[in-house]
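Fold and geometry: a report
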Amino acid sequence: MSQLLEKIDKNSLPRHIAIIMDGNGRWATEKGEDRLFGHFHGVESVRDIVEGAAELGIEYLTLYAFSTENWERPEYEVVGLMELLVSTIRKEVESLNKNNIRLHVIGDMNMLPGYAKKELDEALEITKANSGLNLIMALSYSGRWELLNAVKNIAYEVKQGKLSVDSIDQDTLQRFLCTSAFPDPELMIRTSGEYRISNFLLYQLAYAELYFTTVRWPDFRKENLYEAIIDYQGRERRFGKTSEQMEKPVSQ
Ligand code: IPE
Ligand code: IPE
Ligand code: MG
């Protein structure tokens, strides 16, 4: 583990890592257990990865915990997930605070049951002065929902005369996203061997490096995070330019 940690270049860490935490259900089913068993174990991975990211000095960690499409799952699973969310926040908020971690949420909070929303609001309030890792939970979130919301709110401002159509640029759009306070992720990790985005941060991932692993989320630990970061650091991010243009001038 420490060998992997030593391989990480601390000077070129991604500022923002986003993770699609996938594979809980299959992890459990493969063990002959109920899907909820997988979600319970997924919480241990969340704890480990949050700790790992904070130790490394990562500034932003976004975790996709529940998509707008996940509301369509069987009721018992949705209810189980909501209860797990509430009990986890209740249990973890103190340790988030102790570790100077600030919690944020992105997504359609109006969809959440009242008791879950209340618990979340309290946790946001309790951790709001913390200046270490920003932990962003994507809950009842989808990229299309977010973009639609942004378009509607921009349209309202235009209608009210607060914004002119000609002044709308990429910065304007960025301002209306729920991630407006955060930089775009440089690294996006998806676990469980699925190779898709599943409606996650569609706008923000434009130039993210994508890292896929077959490890199911409940088995994902700090070492797996280190592997992803090492892989990321071996890549050349060109942003549309050529390799030659990206070469740094030789310093004298
Ligand atoms: C990810 O695991 C957690 C949520 C989407 C809530 P899944 O529940 O999607 O697990 P699989 O993909 O069915 O194995
Ligand atoms: C994406 O996983 C959402 C979360 C991890 C919260 P899903 O399991 O819902 O995605 P699909 O259905 O495999 O694309
Ligand atoms: Mg899944």
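So, a few notes on the structure that sits alongside this text. (Residues numbered from 1 in each chain as written. Chains lettered and ligands numbered in written order. Predicted model: local features only at pLDDT ≥ 70, side-chain atom pairs only at ≥ 80, totals over all residues. Heavy atoms only, no water.)

Turning to the packing of aromatic side chains, a few remarks are in order. In the structure shown here, the tally under the stated rule is 9 aromatic pairs. Here Y195 and F212 contribute two aromatic rings whose centre-to-centre distance is 5.2 Å and whose plane-to-plane angle is 55 degrees, an arrangement assigned as tilted. In this pair, Y195 sits in the loop between β5 (187-190) and β6 (209-212) while F212 sits in strand β6, placing the two residues 17 residues apart along the sequence. Judged by relative accessible area, which is 55%, Y195 ranks as exposed. Through pairs of rings, three or more aromatic residues link up here, namely Y64, Y141 and F200. (Phe/Tyr/Trp six-rings, centres within 6.5 Å; stacked < 30°, edge-to-face > 60°. Helix = DSSP H or I, 4+ residues; strand = E, 2+ residues; numbered from the N terminus. Buried < 20%, exposed > 50% of the residue type's maximum accessible area, 1.4 Å probe, protein only.)

Another aspect to go through is the pairing of strand β1 (residues 16-20). Taken across its 5 residues, β1 has 5 buried, putting it largely inside the fold. Across the two faces of β1 the burial is the same, with H16, A18 and I20 and I17 and I19 all buried. When β1 meets strand β2 (residues 60-67), the two strands line up parallel, connected through 5 bridges. When the sheet's bridge partners are listed, A18 is paired in β2 with T62. Direction of pairing for β1 relative to β5: parallel, over a ladder of 4 bridges. Among the inter-strand pairings, A18 is bridged to a residue of β5, identified as M188. (Pairing = 2+ DSSP bridges.)

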